[in-house]
Amino acid sequence: MRYPQGGGLTAERQAFCERVRMEAVAMFAEGRGSTEIAKELRVSVRSVQRWRRAWREAGQEGVCSQGPASRPKLSGVLFAVLEEELAKGPVAHGWSDQRWTLSRIKTVIGRRLHKSMTLSGISQILRRHGWSHQVPARRAVERDEAAVAGWVKDVWSHAEPSRRRSGPGSSSRTKPDSR
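Residues numbered from 1 in each chain as written. Predicted model: local features only at pLDDT ≥ 70, side-chain atom pairs only at ≥ 80, totals over all residues. Heavy atoms only, no water.

1. A short note on the overall build of the chain
Where we set the bar: Helix numbering and strand numbering both begin at the N terminus, where a helix is a DSSP run of H or I of at least 4 residues and a strand a DSSP run of E of at least 2. Throughout this description, buried means an accessible area under 20% of the type-specific maximum (1.4 Å probe, protein chains only), exposed means over 50%, and partly exposed covers the range between. Two residues form a contact once any of their heavy atoms are found within 4.5 Å. Areas reported here follow the Shrake-Rupley algorithm with a probe of radius 1.4 Å; residue values treat only the protein chains shown as occluding.
Assigned secondary structure in the chain consists of eight helices and zero strands. Each helix and strand of the chain, ordered N terminal to C terminal, gives the series α-α-α-α-α-α-α-α. Sorting the 179 residues of the chain into buried and exposed places 22% on the buried side. In the chain, of all internal contacts separated by at least 6 residues, the share reaching a separation of at least 24 is 38%. For the chain, the accessible surface area stands at approximately 13900 Å², while carbon and sulfur atoms represent 52% of it.

What follows is the structure, given as structure tokens:
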């Protein structure tokens, strides 16, 4: 289970989930049914069944958490190195402006850390460590609101055709005139 900020479960939440599984183990030993256990512990019946099977096969240790399913692509040490590189700024890495894009970060990871990651993987690991995408805090001083409004009215209206049809249409995509 992942969350948008901070990634994974907190230590308290991990301990809570472990307690729930151990309570289920105690109920297994009493011979209680899966539906009854699921209701009492407020978990799904499927989870209880999965825990029961693990308990039968390996005992109490089989129900204990095994940790995350896979190792992270960047260890804590490597992510600290990446943070140092990001703190230097894009200009220090050869780009002309001060924008960090995912593709630029991917290039830095490849050059400095000798790792290959997908853009979505980079986005996830950055979010997990508290980084967010860059959004300007305010509009540029040079922005001309009248010119922008005129462009939207004159240019954009011709560039983007209207989605409305002038006459009656049909819901069929394969036979548009099937009325």
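2. Examining the nonpolar core
Burial of nonpolar side chains together is a common tendency in soluble globular proteins. What counts here: Residues grouped as a nonpolar core are buried Ala, Val, Leu, Ile, Met, Phe, Trp, Tyr and Cys residues, joined through side-chain atoms within 4.5 Å.
Counting 14 residues, the largest nonpolar core has Leu74, Leu82, Ile105 and Ile109 as the members making the most contacts within it. For this core, the secondary structure elements donating two or more residues are α5 (76-88), α6 (102-113) and α7 (119-128). Per-element tally for this core: the top contributor is α6, with four residues. Those residues in contact with Leu74 that lie beyond four places of it in its chain are Phe79, Leu82, Ile109, Leu113, Lys115, Met117 and Ile125. Residues Val20, Ala24, Ile37 and Trp51 belong to the second largest nonpolar core, which totals 12 residues.

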